[in-house]
Amino acid sequence: WNKDKNNLDINMDAIQLQHERAVGEQFVEWLNKRDGSRFSFYHREKEAPDLVYSDGNHILRLEVVGAYYDPNHARWLWASARKLPNAPVSWSGVNFDRALLHDIERQIQKKCNLSYGSNCVLLVSVSPPLTSAKDTDKLLSDIVLPDRIPFDGVFLTGEFPTSSHSKGGYYVWPLKDLSG
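Described below are features of the structure shown in this document. (Residues numbered from 1 in each chain as written. Predicted model: local features only at pLDDT ≥ 70, side-chain atom pairs only at ≥ 80, totals over all residues. Heavy atoms only, no water.)

1. Structural notes on the overall build of the protein
The helix and strand inventory of the protein stands at four helices and six strands. Listed by position from the N terminus, the elements making up the protein come as α-β-β-β-α-α-β-α-β-β. Within the span of the protein, comprising 180 residues, buried residues form 41% of the whole. A sequence separation of at least 24 residues applies to 63% of the contacts in the protein between residues at least 6 apart. (Helix = DSSP H or I, 4+ residues; strand = E, 2+ residues; numbered from the N terminus. Buried < 20%, exposed > 50% of the residue type's maximum accessible area, 1.4 Å probe, protein only. Contact = heavy atoms within 4.5 Å.)

And the structure:
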């Protein structure tokens with residue numbers, strides 16, 4: 001395994017593979033319910049995109065990317081998930097809603113600079129401990145998408161905390177829906 005300066009794995013490992021599959025499964029369950037489709041897991045690609053689902057002869061390919069408040073937030077989540085002995089025990093940040101929005105835009109831009117072929121959807125996965133679904137909904141009008149989007153769809157997905165003004169749980173926002 002290759003390590004970064006904090007001794008964290010930078011190659012894919014079982015935790016990341018499980019995470020991507022879980023993100024894909026939740027999204028496909030939502031999509032099937034919304035569209036009346038019957039997509040199910042077909043296989044995992046060795047190269048991008050990450051996951052392939054099928055519904056009869058119809059193929060849906062999913063590329064999964066995470067977005068975070070900042071690099072330390074990502075490090076805290078991934079090191080904790082991997083149960084690394086040097087995992088940070090806490091995280092703190094400033095302007096976290098705006099920071100999350102900017103990383104969502106950055107991740108979309110980065111992925112849109114690549115080519116994934118047809119029938120491919122980009123899933124931007126977030127798990128923000130401090131930003132509610134209602135807050136995220138308000139931020140979405142500020143998202144600037146790239147002019148060139150090579151994906152058939154781009155969706156923001158994630159698990160959101162419950163707050164006094166927002167119900168927690170799993171949410172999906174089409175940033176570019178499959179219908180265009």
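2. Regarding the packing of aromatic side chains
Applying the stated criterion across every chain yields a total of eight aromatic pairs. For the ring pair Phe27 and Phe155, a centre distance of 4.9 Å and an interplane angle of 55 degrees mean the geometry is tilted. Residue Phe27 is found in helix H1 (residues 14-35), and its partner Phe155 is found in strand E5 (residues 153-160); the two are separated by 128 residues along the sequence. Since its relative accessible area comes to 0%, Phe155 is described here as buried. On the numbers, 5.9 Å between centres and 85 degrees between planes, the contact of Phe160 with Tyr171 is edge-to-face. Remark: Tyr171 occurs in strand E6 (residues 169-176) and Phe160 occurs in strand E5; sequence separation between them is 11 residues. Taking the ring centre of Phe41 as reference, the NZ or CZ of Arg21 above it sits at 3.4 Å. (Phe/Tyr/Trp six-rings, centres within 6.5 Å; stacked < 30°, edge-to-face > 60°. Lys NZ or Arg CZ within 6 Å of the ring centre and 35° of its normal.)

3. What about the side chain of Gln107?
Residue placement: Gln107 occurs in helix H3 (residues 96-112). The exposure class assigned to Gln107 is buried, which follows from its relative accessible area of 6%. Polar side-chain contacts of Gln107 include one of 3.4 Å to the side chain of Lys110. Once residues lying within four places of it in the same chain are set aside, the contact partners of Gln107 are Val65, Gly66 and Ala67. (Polar contact = N/O pair within 3.5 Å; in protein donor to acceptor, adjacent residues only side chain to side chain.)

4. Here we look at the pattern of salt bridges
Applying the stated criterion to the full structure yields seven salt bridges. Among the ionic pairs, Glu25 bridges to Arg21, the shortest N-O distance being 3.0 Å. In this pair, Glu25 and Arg21 both sit in helix H1, four residues apart, roughly one turn of the helix. Here Asp35 ties to Arg34 by a salt bridge, and the two come within 2.7 Å at their closest N and O atoms. Relative accessible area serves as the criterion here: at 41%, Asp35 is assigned to the partly exposed category. Connected via shared salt-bridge partners are Arg34, Asp35 and Asp177. (Salt bridge = Lys/Arg side-chain N within 4 Å of Asp/Glu carboxyl O.)

5. Structural notes on the nonpolar core
Looking at soluble globular proteins, one finds that nonpolar side chains tend to be buried together. Ile104, Ile108, Val124 and Leu156 are the most contacted members of the largest nonpolar core, which totals 23 residues. When residues of this core are assigned to their parent elements, the largest contribution, five residues, is made by H3. The contact partners of Leu156, leaving out residues within four places of it in the chain, are Ile104, Val124, Val126, Thr136, Leu140, Tyr171, Val172, Trp173 and Leu175. In this structure, Tyr53, Leu62, Val64 and Val121 belong to the second largest nonpolar core, which totals 14 residues. (Core = buried A, V, L, I, M, F, W, Y, C linked by side-chain atoms within 4.5 Å.)

6. Focus: H1
The terminal C-alpha atoms of H1 lie 31 Å apart, and with 22 residues this matches the ideal 32 Å at 1.5 Å per residue to within 8%. Those residues of H1 that fall on the buried side of the exposure criterion are Glu20, Val23, Gly24, Phe27, Val28, Leu31 and Asn32. Take H1 and look down its axis: the buried residues cluster within an arc of 160 degrees, on one side only. Exposed side of H1, more than 90 degrees from the buried face: Gln18, Glu29 and Lys33 are the residues found there. (Expected span 1.5 Å × (residues − 1). Arc of directions from axis to C-beta.)

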